[in-house]
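As a plain string of letters, each chain reads:
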Amino acid sequence: MERTVPEPTIAATIAAALRHERERAGLSLTELARRAGIAKSTLSQLENGVGNPSVETLWSLGVALDVPFSRLVEPPVPPLRVIRAGEGPRISSDQLDYTGTLVAAGSRSARRDIYVLTIEPGAVRHAEAHTPRSVEHIVVGRGRLRTGPAGETVDLDPGDYAMFAGDVPHSYEALAPHTFAVLVMEHP
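Residues numbered from 1 in each chain as written. Predicted model: local features only at pLDDT ≥ 70, side-chain atom pairs only at ≥ 80, totals over all residues. Heavy atoms only, no water.

Q: Explain the packing of helix 1 (residues 10–25) against helix 4 (residues 55–65) here, please?
A: A pair of packed helices can be characterised by two numbers: the angle between their axes and the separation between those axes. Packing of helix 1 against helix 4 brings their axes to within 10 Å, and their N-to-C directions diverge by 25 degrees. One way to sum up the angle between helix 1 and helix 4 is to call them roughly parallel. In this structure, helix 1 meets helix 4 at a crossing whose hand is left-handed. Between helix 1 and helix 4, the residues in contact are Ile14, Leu18, Glu21, Arg22, Arg24 and Ala25 and Leu58, Leu61 and Leu65, respectively. A class-by-class count of the residues in the contact of helix 1 with helix 4 yields six nonpolar, no polar and three charged. (Axes fitted to C-alpha atoms, helices over the stretch in contact; angles between N-to-C directions. Helix = DSSP H or I, 4+ residues; strand = E, 2+ residues; numbered from the N terminus. Parallel < 35°, antiparallel > 145°, perpendicular 65-115°, else oblique. Left-handed = near helix turned anticlockwise from the far one by under 90°. Contact = heavy atoms within 4.5 Å. Nonpolar A, V, L, I, M, F, W, Y, C, P; charged D, E, K, R; others polar.)

Q: Sorry, what's going on with the side chain of arginine 125 here?
A: Among the secondary structure elements, arginine 125 is positioned in strand 4 (residues 125–127). Of note is the side chain of arginine 125, whose polar atom sits 3.5 Å from the side chain of glutamate 56. (Polar contact = N/O pair within 3.5 Å; in protein donor to acceptor, adjacent residues only side chain to side chain.)

Q: Explanation requested: the pairing of strand 3 (residues 112–119) in the structure shown.
A: Every regular strand shows the same layout, with side chains that alternate between the two sheet faces. Residues of strand 3 alternate between two faces, with Asp113, Tyr115, Leu117 and Ile119 buried on one and Arg112, Ile114, Val116 and Thr118 left unburied on the opposite face. Pairing geometry for strand 3 and strand 10 (residues 179–186), over eight bridges, is antiparallel. Note on strand 10: the bridge partner recorded for arginine 112 is glutamate 186. (Buried < 20%, exposed > 50% of the residue type's maximum accessible area, 1.4 Å probe, protein only. Pairing = 2+ DSSP bridges.)

Q: Can you help me understand the pattern of salt bridges in this one?
A: Between side chains of opposite charge, pairing is possible as soon as their charged atoms come close. One pass over the structure, following the stated rule, counts ten salt bridges. Note that aspartate 155 and arginine 144 form a salt bridge whose closest N and O atoms lie 3.9 Å from each other. Remark: arginine 144 occurs in the loop between strand 5 (135–142) and strand 6 (145–149) and aspartate 155 occurs in strand 7 (residues 154–156); sequence separation between them is eleven residues. A relative accessible area of 31% means that arginine 144 is categorised as partly exposed. Measuring nitrogen to oxygen at the nearest pair gives 2.6 Å for the salt bridge that ties aspartate 155 to arginine 146. Within the structure, one salt-bridge network assembled from shared partners comprises Arg144, Arg146, Asp155, Asp157 and Glu173. (Salt bridge = Lys/Arg side-chain N within 4 Å of Asp/Glu carboxyl O.)

Next up, the structure:
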């Protein structure tokens, strides 16, 4: 007998996490919006569960709050969790046909997050630096991917692995249709 526990919507999860992390950091809406480089009205809407933030907006907020991206999008974890293909909290990019799906967030003692990425050719996703000393590990499952720090990108084929600093600007670019990869982010 399979028991299904409904997960909160991604908007509700983001709203609760943003409010919690902002209050934990002792920041006003105005100050967090300033640090993240977004409009105060946008932040207010997100904290009220309204809107559909891009991955870039959420990364900016995570960096401003000094928390991993996953802390803003990960619903509370039940004792057994199965994420079927095509399910899970999916966040899209403003820059290209890129979707990151968080499949597992690290605990407070093991700060690592696991994402499934789907990327289509046509543009480059430029990622800003993440929290200090963060490291990215990526394995391509299908297609071809160009990734790495600015000026040091590498081309990866299925089965290839790359590791690079996540606390510097970096990028992702699909070189073949239906590119799929698994990304593990480590945070100190």
